[in-house]
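Results of the structural survey
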Amino acid sequence: MAFIELKGIIKEYKTTHALRGIDVTIEKGQWLNMVGPSGSGKSTLLNIIGSLDSPTAGEVLIDGRDISRLSEDDMAVFRREKIGFIFQQSHLIPYLSAVENVMLAQYFHSMSDEKEATDALVRVGLEHRLGHRPSQLSGGEQQRVCIARALINSPQILLADEPTGNLDRENTKIILELLKKIHAEEQFTIVLVTHDPFVAQWGQRILTMEDGKIKCDEFLCRL
Amino acid sequence: MKKRWFLFFFRKSVAQRRGRVAIASAAVTLAVALMTAMIGVTVGIREKLGSELKAYGANIIVSPLREGDFAYDALAMIAKLPSVEDATGQVLGNTFVDQQAIEVIGIDAKKISSMGWRIFGKWPEGNDEILAGINLKAALRLQEGQRIFVEKDGTKKELVISGFVEKGGAEDRALIMTIRQAWTVTGTEGRLQSILVRGKSGQLETIGAAIRSALDNAAVKTVRQVALAEESLLGKIQLLMMLVTLVVIFASAISVTSTMGANVLERREEIGLMKALGATRRNISLFYMAEAVLIGIIGGLAGYALGFLSAQAISKGAFNSYIGIPLPIPLAALCMGVIVAIGSSYFPVRGAMKYDPAIILRGE
């Protein structure tokens, strides 16, 4: 059985059809990149997989459990247990240090542990930036804190929405190398949204979307 | 352990928004200060007005219907009636000083110093000390500490004038002493010529009826002017204070609501992130409500302190003395601060719960 299974996903807003019947399965440990033009529905689909949003119709099965009809609080519990998020903007809390931002994710999951949070930042190469606030970090460093925050609770799925969208090529490469290394070690499932063809090549599969539908589903063998 | 981390993140969050917390706390402080001052002054005025009016006399006067007097036991019986706050007997008679007839007023020794009279000299202390009306000072050429001999029906007694009374009434031309001393110098052992009653405002007619049915020969007079003035003045003051307090509480609630609303709006991204990290609505509202409680506690305590000082300043100005604020008031002030802060934060926090993290985190 597929780890993530989307069946007939439709998402409608008042006047727009964001998703028009998506059927896709993703195996456990797979790295899937979603590409497509703006408004093609890739971020909406990512949010539905991450239980940040609910589909208008269809089923979202994750590890055999349908999450499409969960209550708001049940969705929150599901997120904290299974999902790690990385966003285009880092969304770090400005008044917390790097290590405290990671500890906040631990706090909502179970219990903050400064040593574990420190280890997570060391793992992404930020041992010299533990006590720095987001404003004292570069864009690339901020995204590395986000990776540490997303992975601190050992999620089964990492969802990344344009994680390198604000970075230059050099930092993009650093982030992708880091993700590749950690993915190889931990084998969690990655669903990454990007419009950058360079980034899209860094996975095992590329799902191209257009106008709320899957246009192309291509398997690579890079990893 | 979880609590420790909650406090850790809460402290960081509040430290970041010290300015907003201070503004909201100041609004609560103002409301609580006014409430404390109003209650304090109202209670104080009731006390002070009571004692000031007491100086003009009791609000019920019981005298014998026909020629005669009451047994001393009647006083205890009246004092036990419902709604009677205070009752004291008076011995009214006369005696002779240097063969000159002088009025004698005998009153309860315990009440003598609490009558609100203006005294020149000192209050009587020993068994032979008495007060004299200010008019007698000139008429009998009396001096403070002077010994006088009073005589009635062949019985002589030596007394000492400890001070003089100036009240603007019958007392100014009488010798004022304890009931026991008066019994001795007037020869009316065990009898009272008048009973002064202080009843609760609004209950005077009921008290009067109860006294009439208990004592056959009692003529009960209600001092209406005193009672009505007291009731009407207190009622108006209380109403005014209540209205002003309500207006200020309302204004304070609006201020806290707008501060919390701005706070929530400012932290939109943070709320979206917390939701994405798996925070439930309860987790998030806990942070905001804790902030509201903190604002309430700060505002409640500071408001109480400010209100207490204001009440004392008002009382000092109006009555030239300080007032005692009842013990439950500090607790009520604290509770009110917290209630105003939580109540005012309810709608902003409810709004925060509705934020859609997917939209916020996309930067829309």
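**Concerning the overall build of chain B**
- Helix and strand counts for chain B stand at 11 helices and 12 strands.
- A separation threshold of at least 6 residues defines the contact pool for chain B, and within that pool the share at least 24 residues apart is 78%.
- Split by element, the accessible area of chain B, about 18,200 Å² in all, is 60% carbon and sulfur.

**Concerning the sheet that holds strand β10 (residues 213-219) of chain A**
Residue and element names in this part refer to chain A.
- Across the sheet, which stays open at both edges, the 6 strands sit in the order β6-β7-β8-β3-β9-β10 with mixed pairing between neighbours. Each of the sheet's edge strands pairs with one partner strand only, and the pair in question is β6 (83-86) and β10. Each neighbouring strand pair of the sheet contributes to a mean axis angle of 15°, computed without reference to strand direction.
- Both β6 and strand β7 (residues 157-161) contribute to a ladder of 4 bridges, which runs parallel. Across the sheet, the residue bridging to Gly84 is Leu158, located in β7.
- Contacts between helix α6 (residues 169-186) and the sheet are confined to β3 (31-35), β6, β7 and β8 (189-193), with β3 contributing the most and set at about 145° to the helix.

**A short note on the pairing of strand β11 (residues 194-199) of chain B**
Residues and elements named next belong to chain B.
- Most of β11 sits out of view: 6 of its 6 residues are buried.
- The alternating pattern of β11 places Ser194, Leu196 and Arg198 on one face and Ile195, Val197 and Gly199 on the opposite face, and all of these are buried.
- Across 3 bridges, strand β1 (residues 60-64) lies against β11 in antiparallel orientation. Following the sheet pairing, Val62 is matched in β11 by Ile195.
- Across 6 bridges, the pairing between strand β3 (residues 84-97) and β11 is antiparallel. Bridge pairing in β11 links Gln90 to Ser194.

**Points about the sheet that holds strand β4 (residues 57-62) of chain A**
Residue and element names in this part refer to chain A.
- Strand order in the open sheet formed by 4 strands is β2-β1-β4-β5, and the pairing between neighbours is antiparallel. Sheet topology places β2 (17-26) and β5 (65-66) at the edges, where each strand pairs with a single neighbour.
- Where strand β1 (residues 4-12) and β2 come together, 7 bridges link them in antiparallel fashion. Bridging from a neighbouring strand, Ile4 pairs with Ile26 of β2.
- Helix α1 (residues 42-49) contacts β1, β2 and β4 of the sheet and is inclined by roughly 125° relative to β1.

What counts as what
Residues numbered from 1 in each chain as written. Chains lettered and ligands numbered in written order. Predicted model: local features only at pLDDT ≥ 70, side-chain atom pairs only at ≥ 80, totals over all residues. Heavy atoms only, no water. Helix = DSSP H or I, 4+ residues; strand = E, 2+ residues; numbered from the N terminus. Contact = heavy atoms within 4.5 Å. Areas by Shrake-Rupley, 256 points an atom, 1.4 Å probe, with all protein chains shown as cover. Pairing = 2+ DSSP bridges. Axes fitted to C-alpha atoms, helices over the stretch in contact; angles between N-to-C directions. Buried < 20%, exposed > 50% of the residue type's maximum accessible area, 1.4 Å probe, protein only.

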